[in-house]
Amino acid sequence: MVDDNVTCDAFWDWCLSRYARAALREMLLTAQDDYDAIVLELMLAAWLAEQGYCYDKVLRRAALSSARAWHDQVLIPLRSRRRDWQSAESPALYQQIKRLELQAERTLAHLLIQGVLQVGSAPMSPRPAIAYAQGFSEIEAAAPELAAILPTIARTFDQVARNLATGHGGVD
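Cut-off values and rules
Residues numbered from 1 in each chain as written. Predicted model: local features only at pLDDT ≥ 70, side-chain atom pairs only at ≥ 80, totals over all residues. Heavy atoms only, no water. Helix = DSSP H or I, 4+ residues; strand = E, 2+ residues; numbered from the N terminus. Buried < 20%, exposed > 50% of the residue type's maximum accessible area, 1.4 Å probe, protein only. Disulfide = S-S within 2.5 Å. 1 Å grid on protein atoms, 1.4 Å probe; cavity = no way out; pocket = protein on both sides within 12 Å on 5 of 7 lines; lining within 4 Å. Points joined across faces, edges and corners; volume = space filled by probe spheres on them. Nonpolar A, V, L, I, M, F, W, Y, C, P; charged D, E, K, R; others polar. Contact = heavy atoms within 4.5 Å. Salt bridge = Lys/Arg side-chain N within 4 Å of Asp/Glu carboxyl O. Axes fitted to C-alpha atoms, helices over the stretch in contact; angles between N-to-C directions. Parallel < 35°, antiparallel > 145°, perpendicular 65-115°, else oblique. Left-handed = near helix turned anticlockwise from the far one by under 90°.

## A few points about unusual backbone geometry
No. 1: Backbone geometry at Asp36 places phi at a positive 60°, although glycine is not the residue there.
No. 2: Examined against the element boundaries, Asp36 turns out to sit in the loop between α2 (22-35) and α3 (39-51).
No. 3: Taking relative accessible area as the criterion, Asp36 reaches 67% and is therefore assigned exposed.

## Let's talk about the state of the cysteines
No. 1: One pass over the structure, following the stated rule, counts zero disulfides.
No. 2: Here Cys15 stays free of any disulfide, with the sulfur of Cys8 as its closest cysteine sulfur at 8.7 Å.
No. 3: Relative accessible area serves as the criterion here: at 3%, Cys15 is assigned to the buried category.

## What about the layout of surface pockets?
Using a probe with the size of a water molecule, rolled over the atoms, empty space left in the structure can be pinpointed.
No. 1: In this structure, the largest pocket encloses a volume near 520 Å³.
No. 2: When contributions to the lining of the largest pocket are tallied by element, the ones reaching two or more residues are α1 (8-19), α2, α3, α4 (57-85) and α5 (91-119).
No. 3: The dominant element in the lining of the largest pocket, judged by the number of residues it contributes, is α5, at seven residues.
No. 4: For the lining of the largest pocket, the residue count by class is 10 nonpolar, three polar and eight charged.

## What about the environment of Ile139?
No. 1: Looking at the element boundaries, Ile139 is found in helix α6 (residues 128-142).
No. 2: In the structure, Ile139 is positioned 11 residues away from Leu150 in sequence and 9.0 Å away in space, judged by C-alpha atoms.
No. 3: Contacts of Ile139, omitting those with residues within four sequence positions, involve Glu41, Leu42, Ala45, Tyr55, Arg60, Leu146 and Leu150.

## Section: the pattern of salt bridges
No. 1: One pass over the structure, following the stated rule, counts 10 salt bridges.
No. 2: Between Glu50 and Arg18 there is a salt bridge, with its nearest N and O atoms 3.1 Å apart. Here Glu50 is found in helix α3, whereas its partner Arg18 is found in helix α1, with 32 residues between them in sequence.
No. 3: In the salt-bridge network here, residues are joined through shared partners; they are Arg79, Arg82, Glu101 and Glu105.

## A few points about the packing of α1 against α3
No. 1: The contact between α1 and α3 brings their axes to 10 Å, and the two run at 105°. Comparing their axes, α3 and α1 come out roughly perpendicular. Residues Ala10, Phe11, Trp12, Trp14, Cys15, Arg18 and Tyr19 of α1 pack against Leu40, Met43, Leu44, Ala46, Trp47 and Glu50 of α3.
No. 2: Here the contact of α1 with α3 is composed, by residue class, of 11 nonpolar, no polar and two charged.

## Thoughts on the packing of α3 against helix α7 (residues 150-165)
No. 1: Between α3 and α7, the least distance of the axes is 11 Å, while the angle of their chain directions is 45°. One way to sum up the angle between α3 and α7 is to call them oblique. Crossing handedness for the pair α3 and α7: right-handed. Two secondary-structure elements touch here, α3 through Leu42, Met43, Ala46 and Glu50 and α7 through Leu150, Ile153, Phe157 and Ala161.
No. 2: Its residues placed into classes, the contact of α3 with α7 shows seven nonpolar, no polar and one charged.

Here's what the structure looks like:
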């Protein structure tokens, strides 16, 4: 079972630190924009791998069952409006919708973690590079069009984790 250290705040902080890495951020946005991937789901699979858990079919189903409606009905429309307003005449309104989108992303992270906590998972050996690939394989099975980009994303997550662990700051 996933332990109590698996919290929304810990996951969110981890996401922010990884998303700050330009190379990883660009790959995740490509997966989102070109393949309709849910960035926070990819991040959840990677984060769980670093915690010693595999994002398997059971965890994926639980995470998405509690988060899919929020993603589709709240986050996607907000993102669309933000993109529409990016060149708007009111920078203040654009900044406001960006803040709303970020709050919606954080809520999505919370819903994904709630789903994982409801089911739990047995820990696996902490070999993140392999664990990333195992966790992403379930996403790939559901979205085969992501097959081309997932191995690169997994390697980049692994490189960022190794660089952060050794104090080298990550991939940029």
